[in-house]
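# Structural overview
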Amino acid sequence: MAAGSTIRFASSLLIGAALGVASAHYMAQQSNPLVNERHGRWYAWPTSGDPRSSPYSQARFLLDGHLPEHFTEVTTLYRSHDDDGGRLSQSCVYLVSMKRPEVRRWTLSLVNDNGAATSLVTQDDVISVAGNVDVHLADVPQPGNWLDFGGEDPGRLVLRLYDGDERASPADIDASLPRVMRERCS
Amino acid sequence: MNSSRTFWLIFGLLTAIAVHLAYILFIPQSRLNDRIVALTAEAGSNRLAMAADDTAAAALASHRGELAYAVCAFDLSGGPLEIKARVPDQYWSIEVYGPRGNTIYTLNDMQAPRRQLSIFLHDENPDPQAIVEAAKSGNRGLNAITVLTGATTGIAVLRSAGANPLERRRALDAFNASSCGPA
């Protein structure tokens, strides 16, 4: 009887601990839809100081060893899929199309699974026509604006909007978010 | 038998909740502390360290492709700290974090009152009279900002645009003209 109770105690403890760690990991995952903020296929994590920030969003940054930037400084948006829902792949060419964001500074980059940028453009680097910006994502050079996959599948496409002293409203963010269309695959 | 099963089920569930909360509240903070300890061991506390490649400071920088970073792990147990900063003509910000990675204070180039400024950090038990006296002294003028941190330790992070060589040069020039040390 005592041995049975000990086994039940140990197994309940182990299963409970495993569930606790697994659920914490899941909640602090980069793409967790329960915590992050969705804008179509783009998502953002509420950062430091944001009233919508939670212990999970704070944990997400700190677990990566990074300090979250204050929400009034920059809005960072991520996506891993094109508009049709396909995962971004180096074997394809994509067209990223957007209205030129009306913020003081913006960057668009491809980052690998370790979070390091493999390719990046800023508002100063791009050619824009009539207020529109088109950027190709591809593994081979493209005419016009081009982000290089660098021979590996990207972890994410990242758009960062530097707002100065005031956070852009969700409507402003949505209006400026790029579409990502797959043009062709090899 | 059924009540015994229910008991162990509830016990397992409560264990899961306790571990979940402990993990979310303490493990991330512990990761941050590890990085701050590494930074302090490498660069010392109350000193500004550039986030060059393969440094402990770089490990705290999340967007190094587009920003240049300098960091200062601070310890106010010996008295207030002064961060002297030069603000370049491009995106720049300073953010002061507490020991849990929470933002205590932030300022960017568009909000900065001057191109050259000093930020004085006082700990959680500042002597109000000492702050008033210090503010009256000749050392602190319009370009001085006093921040009550509410904590004895933490980290200050300077960020500036660094997506191309010109931006990076401006950022490094500004960081080299900045400092972090006892007030």
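Here the structure is a predicted model, which is why all the values come from computation and not from measurement. (Residues numbered from 1 in each chain as written. Chains lettered and ligands numbered in written order. Predicted model: local features only at pLDDT ≥ 70, side-chain atom pairs only at ≥ 80, totals over all residues. Heavy atoms only, no water.)

## Considerations on the pairing of strand S3 (residues 81-86) of chain B
All names here are of chain B. Sheet analysis places S3 next to strand S6 (residues 116-122), joined by six bridges and oriented antiparallel. Counted as the bridge partner of arginine 86 is glutamine 116 from S6. Both S3 and strand S9 (residues 179-182) contribute to a ladder of four bridges, which runs antiparallel. From the neighbouring strand, isoleucine 83 faces S9, where its bridge partner is cysteine 180. (Pairing = 2+ DSSP bridges. Helix = DSSP H or I, 4+ residues; strand = E, 2+ residues; numbered from the N terminus.)

## Focus on the nonpolar core
Residue and element names in this part refer to chain B. If you look at the biggest cluster of nonpolar residues, it comprises 25 residues, and the most contacted ones within it are Leu81, Ile83, Trp92, Leu107, Ile119 and Leu121. Only strand S2 (67-75), S3, strand S4 (92-97), strand S5 (103-108), S6, strand S7 (144-148), strand S8 (153-161) and helix H3 (165-176) provide two or more residues apiece to this core. Top element by residues in this core is S2. It accounts for four residues. If we ignore the near neighbours within four places in the chain, the residues touching leucine 81 are Asn46, Cys72, Phe74, Leu76, Ile119, Phe120, Leu121, Cys180, Gly181, Pro182 and Ala183. Grouped together as the second largest cluster of nonpolar side chains are 24 residues, Ala43, Ala49, Leu67 and Ile155 included. (Core = buried A, V, L, I, M, F, W, Y, C linked by side-chain atoms within 4.5 Å. Buried < 20%, exposed > 50% of the residue type's maximum accessible area, 1.4 Å probe, protein only. Contact = heavy atoms within 4.5 Å.)

## Overview of the sheet that holds S2 of chain B
Residue and element names in this part refer to chain B. Sheet architecture is open: five strands sit in the order S1-S2-S8-S4-S5, paired in antiparallel fashion. Only two strands of the sheet have a single neighbouring strand rather than two, namely strand S1 (49-50) and S5. Contacts from helix H1 (residues 2-43) reach S1, S2 and S8, with the element oriented near 90° to S2. Against the sheet, H3 engages S1, S2, S4 and S8, with an angle of about 140° to S8. (Axes fitted to C-alpha atoms, helices over the stretch in contact; angles between N-to-C directions.)

## A look at the domain arrangement of chain A
All names here are of chain A. The domains assigned to chain A are domain 1 (1-30) and domain 2 (33-185). Placing a centre on the C-alpha atoms of domain 1 and another on those of domain 2 gives a separation of 37 Å. If you look at the interface, domain 1 gives five residues, while domain 2 gives 11 residues. Interface of domain 1 and domain 2: buried area, both sides summed, is about 720 Å²; carbon and sulfur atoms make up 61% of it. In this assembly, domain 1 and domain 2 are joined by zero salt bridges. In this assembly, domain 1 and domain 2 are joined by zero residue pairs in polar contact (both at pLDDT 80 or more). (Domains from an automatic or database assignment. Buried area = accessible area lost by both parts, 1.4 Å probe. Salt bridge = Lys/Arg side-chain N within 4 Å of Asp/Glu carboxyl O. Polar contact = N/O pair within 3.5 Å; in protein donor to acceptor, adjacent residues only side chain to side chain.)

## Comments concerning the side chain of glutamate 82 of chain B
All names here are of chain B. Relative to the assigned elements, glutamate 82 resides in strand S3. Although glutamate 82 lies buried, it forms no salt bridge, and the closest oppositely charged side chain, lysine 84, sits 4.6 Å away as judged by the N-O distance. At 2.8 Å, the side chain of glutamate 82 and the side chain of serine 118 are in polar contact. The contacts of glutamate 82, once residues within four sequence positions are left out, are Ser118, Ile119, Phe120, Ser179, Cys180, Gly181, Pro182 and Ala183. (Lys, Arg positive; Asp, Glu negative; His and termini not counted.)

## Thoughts on the environment of valine 96 of chain A
Residue and element names in this part refer to chain A. Note on placement: valine 96 falls in strand S4 (residues 92-99). Placed 88 residues apart in sequence, valine 96 and arginine 8 show a C-alpha to C-alpha distance of 56 Å. Setting aside chain neighbours within four positions, we find valine 96 in contact with Leu108, Val133, Asp134, Val135, Leu137, Leu157, Pro178, Arg179 and Val180.

## As for the side chain of asparagine 145 of chain A
All names here are of chain A. Inspection of the secondary structure puts asparagine 145 in strand S9 (residues 145-148). A polar contact is formed between the side chain of asparagine 145 and the backbone oxygen of aspartate 134, at a distance of 2.8 Å. Apart from residues lying up to four places away in sequence, asparagine 145 is in contact with Asp125, Val126, Ile127, Val133, Asp134, Val135 and His136.

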